[in-house]
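Listed below are the residues making up each chain.
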Amino acid sequence: MIGRFRRSRRTSDEDQQAAMTDAAGTPLVPAIAHADRFTFQDLVAEATSDIGSRPARLVMTILGTVLGIASLVATIGFAQTAAAQIASQFDGAAATRVVVTAAKAQSGSQNQSVAAGRLPWDSPERVTSLAGVESATLLGEVELTEGETITAVPVNDPSAAAVASPRLFSASPDLLDTAEGGLVTGRFFDAGHDSRADRVAVLGERAAERMGINRVDSQPSVFIGGVAYAVIGIVDGMERRSELQDAVIIPTGAARADFGLLAPSELDIRIVVGAGPQVADQAVLALQPDDPESLEAKAPSGSSDLSQSVQSDVNVVFLILGVIALLAGGLGIANVTLLSVMERIGEIGLRRALGATRRQIGAQFMVESIVIGFIGGLIGSALGVFAVIAVAVVQGWTPVTDPLIALAGAVLGAVVGWGSGWYPARRAARVEPVAALRGG
Amino acid sequence: MTDAQTSILPAASETDADVPLVELRDVTRSFPGPPEVQALKGATLTVAPGDYISIVGPSGSGKSTMLNILGLLDRPSVGEYRLSGSLTGDLSDDERAAVRARFIGFVFQSFHLLPRRTVLDNVLLPMLYSGVPRREREERAREALTRVGLGHRIDFFPNSLSGGERQRVAVARAVVSGPRLLLADEPTGNLDQRTSGEVMSLFEELNEDGLTLIVITHDDGVARRARRCIRISDGRLSEL
């Protein structure tokens with residue numbers, strides 16, 4: 001234990017031990033208790049105590065880093081926000097919908113496309129038990145024969161101007177639920193109406209307006225090809241099937257009985273978000289187990305593909321600009337730290353004379369540079385996030401940013417400081433105390 | 001391991017009077033040219049513990065080189081330097097830093113105080129590197145400042161002090177870690193007559209307490225106050 005220098009790597013050498021004790025055998029430099037050595041906290045305290053003493057210079061030093069980090073954080077934030085925005089619009093419109101239709105096939109001789117298969121009449125019951133299906137409705141468009149019209153009055157007035165009839169659809173009773181529509185007045189027909197083929201009709205809001213029907217308590221009728229149907233309700237909404245707004249909707253049973261509807265044209269299925277591909281695969285099997293290829297299911301494309309493609313091509317340019325700004329910021333820190341080393345050469349000499357090692361001097365400037373970079377990164381991150389929020393507010397979007405991005409921005413600033421401080425710290429560590437203390 | 005360094009200045013009795021504190025033997029320091037300059041030529045000097053020595057000489061005579069070698073800031077090109085009987089030639093850079101921190105105090109002509117630190121912080125600075133127990137540091141800094149007559153100035157910044165006060169802060173900083181040897185390089189070079197006197201009186205008090213002093217100066221008045229006076233001329237020493 002006698003004569004140990006701290007940090008000595010040669011204590012086993014007898015000569016060295018002799019060199020480190022004086023003639024009386026007392027150590028020239030007694031060992032220092034661990035707690036009293038130059039610790040990391042000391043280092044950080046020494047390195048940071050002068051950072052704020054020149055605010056103007058600090059601002060100029062960190063400006064490049066701030067801009068670089070801000071543009072990186074903002075670019076990534078914009079991409080995330082835009083992707084989330086697109087995804088939310090996409091989800092709202094179509095991501096919850098699967099439509100099954102009969103597949104089209106070329107019929108050989110006449111070169112016409114005909115339906116290759118047909119949807120069974122009990123399609124809704126067959127698919128509602130599938131996982132991910134919320135509700136399903138069978139829809140069919142009824143083509144009226146030439147000369148038949150839909151009117152609100154029983155007499156066909158030959159002198160009246162020809163008015164296009166509203167379209168006629170058949171539907172199963174779940175339509176409102178599936179198409180997310182609402183009732184303006186009255187009610188929708190139910191399974192009983194359907195199975196009894198009751199002559200009841202529900203009008204789309206625009207069709208009702210055109211035919212001058214706005215209330216159902218007086219039991220108005222519409223005449224479809226001369227057959228009277230009691231209007232029991234008026235519906236609106238149904239953004240998923242806007243064509244129904246201008247249509248007369250009757251139960252499937254009535255359409256088959258009165259108009260000889262041969263097959264439903266499509267099955268509209270409302271699903272939970274994300275179940276699209278799976279429901280599409282299963283629905284055709286549930287509907288036509290013996291010939292699933294005869295049906296065609298259209299499912300929403302996966303929203304993740306979409307947002308990824310948006311994210312990847314949004315603003316590669318901005319990312320590059322951010323990296324360039326960051327490099328410039330790093331050079332700025334390097335320059336100012338180097339200048340600071342030159343200015344404080346007297347201080348370096350003094351610290352060396354007071355017993356600081358080269359390593360401690362280098363570490364001091366290194367930590368100073370890292371802290372400056374970190375401050376720049378922190379401010380840059382905050383500005384970047386703020387920019388994303390500001391743009392989102394102006395556009396009426398929901399700002400979306402991964403909180404890790406902001407944190408990563410600050411850390412990246414520290415990394416830039418570390419890279420920039422390396423050379424100045426090396427220069428500081430190499431300062432010769434003799435030269436540094438001369439004059440000064 | 002932590003028993004040493006409990007008083008600001010070690011008592012003279014702690015050291016063996018027979019062993020010189022400083023022993024230079026045929027020390028030459030040459031700076032590679034061109035032209036090659038020999039700042040010291042075969043300098044031999046022995047300083048006993050508790051001694052007070054002045055080194056005088058015109059500028060360019062090798063005074064500063066001498067002080068740098070004595071303070072382990074520079075290495076002799078030829079010759080050996082023993083500090084308290086130990087050879088210093090084989091010490092690594094870090095070991096020399098440790099010896100400087102614990103064993104040697106420096107006072108400079110231009111004070112070298114950190115301008116953006118208070119007087120107290122300036123005096124605390126060397127104890128970061130010398131490993132004085134943490135809980136003692138502030139008390140020792142206050143004691144040292146009181147001792148140099150600046151107990152009322154601890155929260156001031158150096159720029160608001162007079163030259164004499166600044167140098168007294170520097171002296172407090174030099175002795176706060178309890179060195180055995182105090183090296184002063186033109187300590188009165190930037191001071192007027194009266195404040196020079198104050199600083200020199202302080203040095204004498206410290207010497208009376210047992211601190212070994214080596215003062216470099218070109219002021220004969222300052223030099224004469226030391227017990228021994230060495231003249232250096234063209235790199236050669238001669239005792240006056």
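Model, not experiment: these values are computed from the prediction. (Residues numbered from 1 in each chain as written. Chains lettered and ligands numbered in written order. Predicted model: local features only at pLDDT ≥ 70, side-chain atom pairs only at ≥ 80, totals over all residues.)

What follows covers the overall build of chain B. Helix and strand counts for chain B stand at seven helices and 10 strands. When the 240 residues of chain B are sorted by exposure, 54% land in the buried category. The contacts in chain B between residues at least 6 apart in sequence include a share of 73% that link residues at least 24 apart. (Helix = DSSP H or I, 4+ residues; strand = E, 2+ residues; numbered from the N terminus. Buried ≥ 20, exposed ≤ 12 C-beta atoms within 10 Å, placed from the backbone. Contact = placed C-beta atoms within 7 Å.)

Counting its regular elements, chain A contains 15 helices and 13 strands. Sequence-distant contacts in chain A: of pairs separated by 6 or more residues, those separated by 24 or more amount to 81%.

Residues and elements named next belong to chain B. Summarising the sheet, strand β9 (residues 228–233) and strand β10 (residues 236–239) pair through four bridges and their orientation is antiparallel. If you follow arginine 231 over to β10, its bridge partner there is serine 238. Linking two consecutive strands that pair antiparallel, namely β9 and β10, is a turn of two residues; a positive phi of about 55° is found at aspartate 234 within it. (Pairing = 2+ DSSP bridges.)

All right, on to the confidence of the model for chain B then. Residues and elements named next belong to chain B. For chain B, per-residue confidence averages 87 on the pLDDT scale, and residues scoring 70 or more make up 93% of the total. Contacts from residues 1–15, a stretch scored under 50 in pLDDT, to residues over four places away or in other chains number 30 contacts. Quick note on the complex model: pTM equals 0.65, ipTM equals 0.89. (pLDDT = per-residue confidence, 0-100.)

Turning to the sheet that holds strand β8 (residues 212–217) of chain B, a few remarks are in order. All names here are of chain B. Sheet architecture is open: six strands sit in the order β6-β7-β8-β3-β9-β10, paired in mixed fashion. Taken across any chain shown, the strands that pair with only one partner, and hence form the sheet edges, are β6 (104–107) and β10. The mean inter-strand angle of the sheet, taken between neighbouring strand axes irrespective of direction, is 20°. In the packing of helix α6 (residues 193–208) onto the sheet, the strands contacted are β3 (52–56), β7 (181–185) and β8, and the crossing angle to β8 comes to about 155°. (Axes fitted to C-alpha atoms, helices over the stretch in contact; angles between N-to-C directions.)

Looking now at the nonpolar core. Counting 127 residues, the largest nonpolar core has Ala172(B) and Leu182(B) as its most contacted members. If you tally residues by element for this core, the top one is helix α13 (residues 358–395) of chain A, at 14 residues. Ignoring sequence-local partners within four residues, the contact set of Leu182(B) consists of Gly105(B), Val107(B), Ala174(B), Val175(B), Leu206(B), Leu211(B), Thr212(B) and Leu213(B). Formed by 56 residues, the second largest nonpolar core is a distinct cluster that contains Leu139(A), Leu203(A), Ile232(A) and Ile269(A). (Core = buried A, V, L, I, M, F, W, Y, C linked by C-beta atoms within 7 Å.)

A separate point is unusual backbone geometry. Working note: non-glycine residues mostly have negative phi, and peptide bonds are mostly trans. Residues and elements named next belong to chain B. In this structure, leucine 72 is a non-glycine residue whose phi angle is positive, near 60°. Mapping leucine 72 onto the fold places it in the loop between α1 (63–70) and β4 (78–83). Positive phi outside glycine occurs at aspartate 234, with the angle close to 55°. Residue aspartate 234 is classed as partly exposed on the basis of its 13 C-beta neighbours within 10 Å.

Once that is clear, we can look at the sheet that holds strand β1 (residues 22–31) of chain B. All names here are of chain B. Ordered by their spatial adjacency, four strands build an open sheet running β2-β1-β4-β5, and the pairing between neighbours is antiparallel. What marks the edges here is a single partner per strand, and that holds for β2 (37–47) and β5 (86–87). Judged from the two bridges that link them, β4 and β5 form a sheet pairing that is antiparallel. The partner of arginine 82 across the bridge, within β5, is leucine 87.

It is worth spelling out the environment of Ser61(B) at this point. Residue and element names in this part refer to chain B. Structurally, serine 61 is set in the loop between β3 and α1. Each C-alpha atom, one on serine 61 and one on leucine 237, is 9.9 Å from the other, the two residues being 176 residues apart in sequence. Setting aside residues no more than four positions away along its own chain, serine 61 makes contact with Ile232, Ser233 and Asp234.

All names here are of chain A. Locating valine 142 in the fold gives a position in strand β4 (residues 133–142). Residue class for valine 142 comes out buried when judged on the 22 C-beta atoms lying within 10 Å of it. Once the C-alpha coordinates of valine 142 and phenylalanine 259 are considered, the two residues, 117 residues apart in sequence, prove to be 7.3 Å apart. In this view, valine 142 contacts Leu168, Phe169, Ser170, Ala255, Phe259 and Leu261; residues no more than four positions away in its chain are not counted.

Quick look at helix α2 (residues 93–103) of chain B now. For α2(B), the buried fraction is high: nine of the 11 residues fall into the buried class. Within α2(B), burial applies to Glu95(B), Arg96(B), Ala97(B), Ala98(B), Val99(B), Arg100(B), Ala101(B), Arg102(B) and Phe103(B). At its buried positions, α2(B) is contacted by α12 (345–353) of chain A together with β4, β6, α3 (119–130) and β7 of chain B.

As a further point, take the packing of helix α2 (residues 40–48) of chain A against α13(A). Residues and elements named next belong to chain A. Contact geometry for α2 and α13: axes closest at 8 Å, N-to-C directions at 65°. Considered as vectors, α2 and α13 are oriented roughly perpendicular to each other. In the crossing of α2 with α13, the sense of the turn from one axis to the other is right-handed. Counted together, Leu43, Val44, Glu46, Ala47 and Thr48 of α2 and Ala363, Gln364, Val367, Glu368 and Val371 of α13 form the full contact between these two elements. Its residues assigned to classes, the contact of α2 with α13 comprises six nonpolar, two polar and two charged. (Parallel < 35°, antiparallel > 145°, perpendicular 65-115°, else oblique. Left-handed = near helix turned anticlockwise from the far one by under 90°. Nonpolar A, V, L, I, M, F, W, Y, C, P; charged D, E, K, R; others polar.)

Residue and element names in this part refer to chain A. Tracing the chain through its elements places valine 231 in strand β10 (residues 227–237). Sequence separation between valine 231 and serine 218 is 13 residues, and the spatial gap between their C-alpha atoms is 9.5 Å. Apart from the residues within four sequence positions on either side, valine 231 is in contact with Ala201, Leu203, Ile213, Val216, Pro220, Ser221 and Val222.

Another point: the packing of helix α11 (residues 316–343) of chain A against α13(A). All names here are of chain A. Direction vectors running N to C along α11 and α13 enclose 140°, while the axes themselves pass 11 Å from each other. Taken as a pair, α11 and α13 cross one another with a handedness that is right-handed. Of α13, the residues touching α11 (which contributes Gly329, Ile333, Thr337 and Val341) are Phe365, Glu368, Ser369, Ile372, Gly373 and Gly376. In terms of residue class, the contact of α11 with α13 is made up of four nonpolar, five polar and one charged.

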